[in-house]
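The residues making up each chain are set out below.
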There are 2 protein chains.
Amino acid sequence: MQARSEETRTRILRQAVGLFAGQGYDATGVAQICQAARVSKGAFYHHFESKQAVFMNLLEDWLKSVSADLKATLQEAPNVIEGLLSMAGRARSIFSDADGQLSIVLEFWAQARRDPEIWRRAIEPFHMYREMFSSIVQQGIGEGSLRPVEPALVAQALVSLAVGVIMQAVFDPKAAEWDQVMQGTMKLLIEGIGRH
Amino acid sequence: MQARSEETRTRILRQAVGLFAGQGYDATGVAQICQAARVSKGAFYHHFESKQAVFMNLLEDWLKSVSADLKATLQEAPNVIEGLLSMAGRARSIFSDADGQLSIVLEFWAQARRDPEIWRRAIEPFHMYREMFSSIVQQGIGEGSLRPVEPALVAQALVSLAVGVIMQAVFDPKAAEWDQVMQGTMKLLIEGIGRH
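So, here's what we can say about the structure.

What counts, and at which threshold
Residues numbered from 1 in each chain as written. Chains lettered and ligands numbered in written order. Predicted model: local features only at pLDDT ≥ 70, side-chain atom pairs only at ≥ 80, totals over all residues. Heavy atoms only, no water. Phe/Tyr/Trp six-rings, centres within 6.5 Å; stacked < 30°, edge-to-face > 60°. Buried < 20%, exposed > 50% of the residue type's maximum accessible area, 1.4 Å probe, protein only. Lys NZ or Arg CZ within 6 Å of the ring centre and 35° of its normal. Helix = DSSP H or I, 4+ residues; strand = E, 2+ residues; numbered from the N terminus. Contact = heavy atoms within 4.5 Å. Buried area = accessible area lost by both parts, 1.4 Å probe. Salt bridge = Lys/Arg side-chain N within 4 Å of Asp/Glu carboxyl O. Polar contact = N/O pair within 3.5 Å; in protein donor to acceptor, adjacent residues only side chain to side chain. Nonpolar A, V, L, I, M, F, W, Y, C, P; charged D, E, K, R; others polar. Least-squares fit on C-alpha atoms with pLDDT ≥ 70 in both. Core = buried A, V, L, I, M, F, W, Y, C linked by side-chain atoms within 4.5 Å. Arc of directions from axis to C-beta. 1 Å grid on protein atoms, 1.4 Å probe; cavity = no way out; pocket = protein on both sides within 12 Å on 5 of 7 lines; lining within 4 Å. Points joined across faces, edges and corners; volume = space filled by probe spheres on them.

## Section: the packing of aromatic side chains
Phase 1: Using the criterion set out here, one finds 10 aromatic pairs over all chains in the structure.
Phase 2: The interplanar angle of 50° and the centroid separation of 5.1 Å between the aromatic rings of Phe20 of chain B and Tyr25 of chain B together place this pair among those described as tilted.
Phase 3: Accessibility expressed as a relative area gives 1% for Phe20 of chain B, which makes it buried.
Phase 4: Note on Tyr25 of chain B: relative accessible area 0%, which makes it buried.
Phase 5: Geometrically, the ring pair formed by Phe44 of chain B and Phe48 of chain B is tilted, given 5.9 Å between the ring centres and 50° between the ring planes. Each member of the pair, Phe44 of chain B as well as Phe48 of chain B, is classed as buried.
Phase 6: A cation sits over an aromatic face here: Lys51 of chain A above Tyr25 of chain A, 4.3 Å from the ring centre.

## Overview of the side chain of Thr28 of chain A
Phase 1: Locating Thr28 of chain A in the fold gives a position in the loop between helix H1 (2-23) and helix H2 (30-37).
Phase 2: Each residue touching Thr28 of chain A, except ones within four places of it in the same chain, is listed here: Leu19, Phe20, Gln23, Ile33 and Lys51 of chain A.

## Considering the interface of chain A and chain B
Phase 1: In this complex, chain A contributes 39 residues to the contact, which on the side of chain B involves 40 residues.
Phase 2: Both sides of the chain A and chain B interface together cover about 3300 Å² of buried area, and 69% of this is carbon and sulfur.
Phase 3: Where chain A touches chain B, the interface holds 1 salt bridge.
Phase 4: One salt bridge connects Arg130 of chain B with Asp172 of chain A, and the closest N-O pair in it is separated by 4.0 Å.
Phase 5: At the surface where chain A touches chain B, the tally comes to 6 residue pairs in polar contact (both at pLDDT 80 or more).
Phase 6: Secondary-structure elements contributing two or more residues to the side of chain A that touches chain B are helix H6 (102-112), helix H7 (116-143), helix H8 (151-171) and helix H9 (178-193) of chain A.
Phase 7: Counting residues per element, the side of chain A that touches chain B draws most heavily on H8 of chain A, which supplies 14 residues.
Phase 8: Its residues placed into classes, the side of chain A that touches chain B shows 23 nonpolar, 10 polar and 6 charged.

## Describing the environment of Met182 of chain B
Phase 1: Among the secondary structure elements, Met182 of chain B is positioned in helix H9 (residues 178-193).
Phase 2: Taking the C-alpha atoms as reference points, Met182 of chain B and Ser93 of chain B, 89 residues apart in sequence, are found 9.9 Å from one another.

## Considerations on the relation of the copies chain A and chain B
Phase 1: Superposing chain A onto chain B takes a rotation of 180° plus a shift of 0.0 Å along the axis, which leaves an RMSD of 0.0 Å. Between the two chains, the operation in question is that of a two-fold axis.
Phase 2: A shared interface surface links the copies, since 100% of the contact residues of chain A are contact residues in chain B too.

## Overview of the nonpolar core
Phase 1: In terms of nonpolar packing, the biggest core is built from 139 residues, with Phe133 of chain A together with Phe133 of chain B touching the most fellow members.
Phase 2: Those residues in contact with Phe133 of chain A that sit more than four places away from it in its chain are Leu70, Leu84, Met87, Ala155, Leu158 and Val159 of chain A.

## Looking at H2 of chain A
Residues and elements named next belong to chain A.
Phase 1: Among all positions in H2, only Val30, Ile33, Cys34 and Ala37 are buried. All buried residues of H2 lie within an arc of 100° about the axis, which places them on one face of the element.
Phase 2: Those residues of H2 that are buried lie in contact with H1, helix H3 (41-47) and helix H4 (51-76).
Phase 3: The first or second residue beyond H2 is Arg38, which carries a positive phi of 55°.

## Some points on the layout of surface pockets
Residue and element names in this part refer to chain B.
Phase 1: Each pocket or cavity is described by its volume, and for the largest pocket that value is around 890 Å³.
Phase 2: The wall of the largest pocket is formed by 39 residues, among which Trp62, Leu63, Val66, Tyr129 and Ile166 lie closest to the centre.
Phase 3: Those elements that place two or more of their residues in the lining of the largest pocket are helix H1 (2-23), helix H4 (51-76), helix H5 (80-98), helix H6 (102-112), helix H7 (116-143), helix H8 (151-171) and H9.
Phase 4: Looking at the lining of the largest pocket element by element, the count peaks at 8 residues for H4.
Phase 5: Tallied by class, the residues present in the lining of the largest pocket amount to 35 nonpolar, 2 polar and 2 charged.

## Quick look at the pattern of salt bridges
Phase 1: A complete count under the given rule lists 13 salt bridges over all chains for this structure.
Phase 2: One salt-bridge network, in which partners are shared between bridges, spans Glu6, Arg9 and Asp61 of chain A.

## Considerations on the environment of Ile193 of chain A
Phase 1: For Ile193 of chain A, the position within the fold is in helix H9.
Phase 2: Taking the C-alpha atoms as reference points, Ile193 of chain A and Asp26 of chain A, separated by 167 residues in sequence, lie 42 Å from one another.
Phase 3: Aside from chain neighbours lying at most four places away, what touches Ile193 of chain A is Leu146, Arg147, Val149 and Val154 of chain A together with Leu188 of chain B.

If you want it as structure tokens, here you go:
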């Protein structure tokens, strides 16, 4: 039963991604998600409270896999500066994977502004990433591979840069090869804080 | 007559800013803007095609004053690296000035996605700033105050960083002193590309 329930949840999420990306978050209803995933409304509401909950789960699953990927990349590196540079290299493929789904984020955020609880969960990843990078930078200063920069400020710069690239990719997808921009600009910032 | 017409236009824009910021872009109608500005609908449509046109004008006026400010700052500096650092200093006050109006940008963009013409004009500033910074960086490499970095990539990093900070300030205004984050992260990036 456990396995079947998990399979249902996964099927709902997978169909929802397709519908959100294809026709927009706004235009997609719970009934349509149920139909595409071949589940009853009862089964849907057993797993998710609402359409927003589906979206939050998609976002959180994606962010979990991104931070697991980044942490594994760091652990394989000989030191923090090399680790950060490898993470910038990974950013490119992570970014390409997410490409089709980025445009939904803007629509979701515009909606989330009206719901304080969803809003709180939507901004939580920013905090998590700032803290994660802040402690990585602290480690890099300790081991001597980074200059004695301010960890919180560097973390803020890395997160802001990523958010800025993602936003431009959403607004203006054809203006650049955004995965390359992500990798190149991250590398530029990271090299700037390394010991020369 | 010229002066009076200009005064009417300014009054419409000023009242529209207040309404957009106070109750949101979506919730504000042309009739309400006319009432607040004490102008007839005829006078309104003499100056602006639509509510979106009012918003585009506000955005364009603001961006014009920002780039004029940045260019003047650069011209007063002895070289490009000092100029970029002074620009980062200015970014802070520019950012504080705009603070109350930032939240409208998200709402506007979410709407603009459905109108190709508005969309085209909404992404135009990104291109303009990328080109402006690309040529500034080129100048800095030429004079020797910057390392031989790739101008387009540095421009992309500067614009992405600014967009990322602005977006986080919109999403999560209380999480940081965003004007200080803008100045500090810009400084970090710029110092990284200077000759050491």
